[in-house]
Amino acid sequence: PRLSAPRRLEDFLDTLEWPGERWLATPGEDPGTGLEPPHSLPPALVLVGPEGDFSLDEKERILSEGFAILPLGPQILRVETAGVAALTRLLLAPPAWPGTSVESR
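Residues numbered from 1 in each chain as written. Predicted model: local features only at pLDDT ≥ 70, side-chain atom pairs only at ≥ 80, totals over all residues. Heavy atoms only, no water.

Peer 1: Please provide a residue-by-residue account of the sheet that holds strand E3 (residues 68–71), values included.
Peer 2: Spatially, the three strands line up as an open sheet ordered E2-E1-E3, and their pairing is parallel. A single partner strand is all that each edge strand has here, and the edge strands are strand E2 (44–48) and E3. Neighbour-to-neighbour, the strand axes of this sheet turn through a mean angle of 35 degrees, independent of strand direction. Bridge analysis of strand E1 (residues 21–26) against E2 gives five bridges, and the strand direction is parallel. Counterpart to Glu21 in the pairing with E2 is Ala44. Each of E1, E2 and E3 touches helix H2 (residues 56–64); the most contacted strand, E1, lies at about 160 degrees to it. (Pairing = 2+ DSSP bridges. Helix = DSSP H or I, 4+ residues; strand = E, 2+ residues; numbered from the N terminus. Axes fitted to C-alpha atoms, helices over the stretch in contact; angles between N-to-C directions. Contact = heavy atoms within 4.5 Å.)

Peer 1: Residues and numbers for the side chain of Arg89, please.
Peer 2: Within the fold, Arg89 resides in helix H3 (residues 79–92). Relative accessible area serves as the criterion here: at 11%, Arg89 is assigned to the buried category. A distance of 3.0 Å separates a polar atom in the side chain of Arg89 from the backbone oxygen of Pro71. (Buried < 20%, exposed > 50% of the residue type's maximum accessible area, 1.4 Å probe, protein only. Polar contact = N/O pair within 3.5 Å; in protein donor to acceptor, adjacent residues only side chain to side chain.)

Peer 1: Go over the nonpolar core, please, and point to the residues and values.
Peer 2: With ten residues, the main nonpolar core is built from Leu9, Phe12, Leu13, Leu16, Leu24, Leu45, Leu47, Phe54, Ile62 and Phe67. Every element with two or more residues in this core is listed here: helix H1 (9–14) and E2. Leaving out residues up to four positions away in the same chain, Leu47 has contacts with Leu9, Phe12, Trp23, Leu24, Ala25, Phe54, Ile62 and Phe67. Core analysis: the second largest hydrophobic core is formed by seven residues, Trp23, Ala25, Leu70 and Leu72 among them. (Core = buried A, V, L, I, M, F, W, Y, C linked by side-chain atoms within 4.5 Å.)

As structure tokens, this is what we get:
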């Protein structure tokens, strides 16, 4: 993974050019049970917010930019561990990638 320096959310979204999958890591959602890990993952951008999470307005803006929710579970994580948890979630219990189904895995 590549980490980027912190930036203002508006500046980041206004200049974002990312053709791959876009995920918003967020607490409070049930991650469900893991399925068989995929053999490879498409390029993915994972957005991890500040401590305390993004505001509702910020989440609406992020989702309007083509991001999908990547649930990390009910626990509240510090920003330092949320990124690691998000990568683990993508690798070990990935959500259904667009264009795929549970049956095809």
